[in-house]
Amino acid sequence: MNHRSLFNLTIQLVAYACVVTLASCAPTLPAQDSSARMGAASDTSGGYLSKDAAPDSLVLLPPPPPAGSSALALDEEVHKNAAALRDTPRYKLAALDAELVFPRAADAFACTLGAPIDEQNTPRLYRILQRTLLDSAATTSGAKNRYMRTRPFAAREEPSCVARDEERLRKNGSYPSGHATLGWAWALILAEVDPAHADAIIARGRSYGESRLVCNVHWQSDIVEGRFLGAAVVSRLHGVTAFREDVEAARQELAAARAKNLAPGRDCAWEAQALTQKIPGVL
């Protein structure tokens, strides 16, 4: 197995460990030699942020809404409203948004960008998504482990859109949402890569987090605080030279992919239609 294949396999395994928890993910991955980098960042040690540099969710977030609070009542109301979207295209999209294993995970924003995000055509952009998944996971772990909030599907004994993960999700804290943290971080980063489409990208980042409500695996307050943490992650990333270099390279990659008229690997008309279905009362 060559260095590039070994690196890709290792990052896939680490990312898979994050699929359910988006929590404590070891950031150390094997380095590649120069012949295997294929234009990727020179630092390929996992996430961009060291363990100490990642935002601390226990410092940044309040506890989840307590029993009897107005915030918890709103969580319950939004949960009931989101349930109305089960058995709809929006529910199916929520299941797609739940995917964190690459290469499928990279498809979430492809329609919004109007170009594929993959190793062949946009390798630096693809790598940004991989590495910031690990940074987002490290950021949410403290609060998840401290509060161990029960997820809505488990609290209500209802189905979720990711039945295969339910057993593990029952053992993983709901607060804050790791997917919402990641989706918001990705949206902010992609808006820098493609500022001409920033509004659409940010809107997709919001809907990516809201997919967790539709999926019945998070409460609204989990999502709101996840967006806050996602912004904190990106703020820290701007202090990392390798990240800034990758963003600049990703801009050039995206322009080249568009010049080739490369199409996203999703049914974008179907996705756009699914996103017209909204959750009443969501913040």
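For every chain, the first residue of the written sequence is number 1, and numbering continues from 1 onward in sequence order. The predicted origin of the model limits local features to residues at a pLDDT of at least 70 and limits the giving and counting of side-chain atom pairs to 80 or more, whereas totals for whole chains, interfaces and linings rest on all residues. Calculation of side-chain values draws on the structure's entire complement of heavy atoms; hydrogens and water are dropped beforehand.

### Considerations on the packing of aromatic side chains
Which entries qualify depends on this criterion: Here a pair means two rings of Phe, Tyr or Trp (six-membered ring of Trp) with centres within 6.5 Å. Their orientation is stacked below 30 degrees between planes, edge-to-face above 60, and tilted elsewhere. Strands are runs of DSSP state E lasting at least two residues, helices are runs of H or I lasting at least four, and both sets are numbered from the N terminus onward. The buried label goes to any residue with under 20% of its type's maximum accessible area, the exposed label to any with over 50%, and the partly exposed label to all in between, with areas taken from a 1.4 Å probe on protein chains only.
A full pass over the atoms with the stated rule returns 7 aromatic pairs. Look at Tyr48 and Phe243: their rings are 5.4 Å apart centre to centre, the planes differ by 80 degrees, and that puts the pair in the edge-to-face class. Remark: Phe243 occurs in helix α12 (residues 241-259) and Tyr48 occurs in the loop between α1 (3-21) and α2 (57-60); sequence separation between them is 195 residues. For Phe243, a relative accessible area of 0% gives the class buried.

### A word on the nonpolar core
Just so we agree on the cut-off: Note on terminology: a nonpolar core comprises buried Ala, Val, Leu, Ile, Met, Phe, Trp, Tyr and Cys residues joined through side-chain atoms within 4.5 Å.
In terms of nonpolar packing, the biggest core is built from 37 residues, with Phe102, Phe109, Ile117, Trp186 and Phe243 touching the most fellow members. Broken down by secondary-structure element, the contributors of at least two residues to this core are α6 (123-147), α9 (178-193), α10 (198-214), α11 (220-237) and α12. Examining the composition of this core, we find that 8 residues originate from one element, α9, more than from any other. Within the second largest apolar cluster, 18 residues are counted, among which are Val162, Ala180, Leu213 and Val217.

### Description of the pattern of salt bridges
Definition in use: Note on definitions: salt bridges are taken to be side-chain nitrogens of Lys or Arg within 4 Å of carboxyl oxygens of Asp or Glu.
On inspection of all chains with the given rule, the structure shows 14 salt bridges. One salt bridge in this structure joins Asp246 and Arg124, with 2.6 Å as the shortest N-O distance. Taken together, the residues span a long stretch of sequence, with Asp246 in helix α12 and Arg124 in helix α6 at a distance of 122 residues. Grouping residues by exposure puts Asp246 and Arg124 together as buried.

### A short note on the environment of Ile128
Along the polypeptide, Ile128 turns up in helix α6. Assessed through its relative accessible area of 0%, Ile128 is described here as buried. The spacing of Ile128 and Ala250 is 122 residues in sequence and 8.5 Å in space, taken between C-alpha atoms.

### Details of the side chain of Arg124
To keep things clear, this is the line we draw: In protein, a polar contact means a hydrogen-donor-capable atom and an acceptor-capable atom, both N or O and within 3.5 Å, with residues adjacent in sequence counting only if both atoms are side-chain atoms; elsewhere, any N or O pair within 3.5 Å suffices.
Judged by relative accessible area, which is 15%, Arg124 ranks as buried. A polar contact of 2.6 Å, which involves the side chain of Arg124, links it to the side chain of Asp246.

### Overview of the confidence of the model for the chain
Defined as follows: Note on scores: pLDDT gives the predictor's confidence for each residue, bounded by 0 and 100. Any pair of residues with heavy atoms lying within 4.5 Å of one another is described as a contacting pair.
Here the chain shows a mean pLDDT of 88. Residues at 70 or above account for 84%. This model gives residues 2-17 a pLDDT under 50, and the stretch forms 34 contacts once residues within four places in sequence are excluded. Counted against residues more than four places away or in other chains, residues 23-44, with its pLDDT under 50, gives 55 contacts.

### Quick look at α11
We count it as follows: Here, expected helix span is obtained from the residue count minus one, scaled by 1.5 Å.
Given a rise of 1.5 Å per residue, 18 residues ought to cover 26 Å, and the 26 Å separating the end C-alpha atoms of α11 matches this to within 8%. Most of α11 is tucked away, with 13 of its 18 residues classed as buried.

### Focus on the packing of α9 against α12
What counts is decided by this rule: Every angle, taken between N-to-C directions, lies between 0 and 180 degrees, and every axis is a line fitted to C-alpha atoms, over only the stretch in contact when it is a helix. When an angle is under 35 degrees it counts as roughly parallel; over 145 it counts as roughly antiparallel; between 65 and 115 it counts as roughly perpendicular; any other value is oblique. By the definition used in this description, the sense in which the near helix is turned from the far one sets the handedness, with an anticlockwise turn below a right angle giving left-handed and a clockwise turn giving right-handed. Charged means Asp, Glu, Lys or Arg here, nonpolar means Ala, Val, Leu, Ile, Met, Phe, Trp, Tyr, Cys or Pro, and polar covers whatever is left, Gly included.
For the pair α9 and α12, the least separation of the axes is 9 Å and the interaxial angle reads 60 degrees. The orientation of α9 relative to α12 falls into the category oblique. Between α9 and α12 lies a crossing whose hand is right-handed. Where α9 approaches α12, its residues Ile189, Glu192 and Val193 are matched on the opposing element by Phe243, Val247, Ala250, Arg251 and Leu254. Of the residues belonging to the contact of α9 with α12, the class tally is 6 nonpolar, no polar and 2 charged.

### Re α9
For α9, spanning 16 residues, the distance from its first C-alpha to its last is 22 Å, which sits close to the expected 22 Å at 1.5 Å a residue. Counted residue by residue, α9 has 14 buried out of 16 residues, so it is predominantly covered. For α9, the N-terminal cap is Ser177; the gap from its side-chain oxygen to the backbone nitrogen of His179 is 3.4 Å.

### Quick look at the state of the cysteines
The cut-off we apply is this: Our working definition of a disulfide is a cysteine sulfur pair at a distance within 2.5 Å.
Under the definition given, this model contains 2 disulfides. In this model, Cys111 is linked to Cys268 through a disulfide, with the two sulfur atoms separated by 2.1 Å. Negative torsions about the S-S bond denote left-handed disulfides, and the value of about -85 degrees found for Cys111 with Cys268 makes this one left-handed. One end of the pair, Cys111, is in helix α5 (residues 110-113); the other, Cys268, is in helix α13 (residues 268-274), and 157 residues separate them in sequence. Exposure remark for Cys268: the relative accessible area of 26% places this residue in the partly exposed category. Each disulfide pairs two cysteine sulfurs, and for Cys161 the partner residue is Cys215, the sulfurs being separated by 1.5 Å. Note on the Cys161 and Cys215 pair: the S-S dihedral is about -75 degrees, so by sign convention the disulfide is left-handed. One end of the pair, Cys161, is in the loop between α7 (152-156) and α8 (166-169); the other, Cys215, is in the loop between α10 and α11, with 54 residues separating them in the sequence. One exposure class covers both Cys161 and Cys215, and it is buried.

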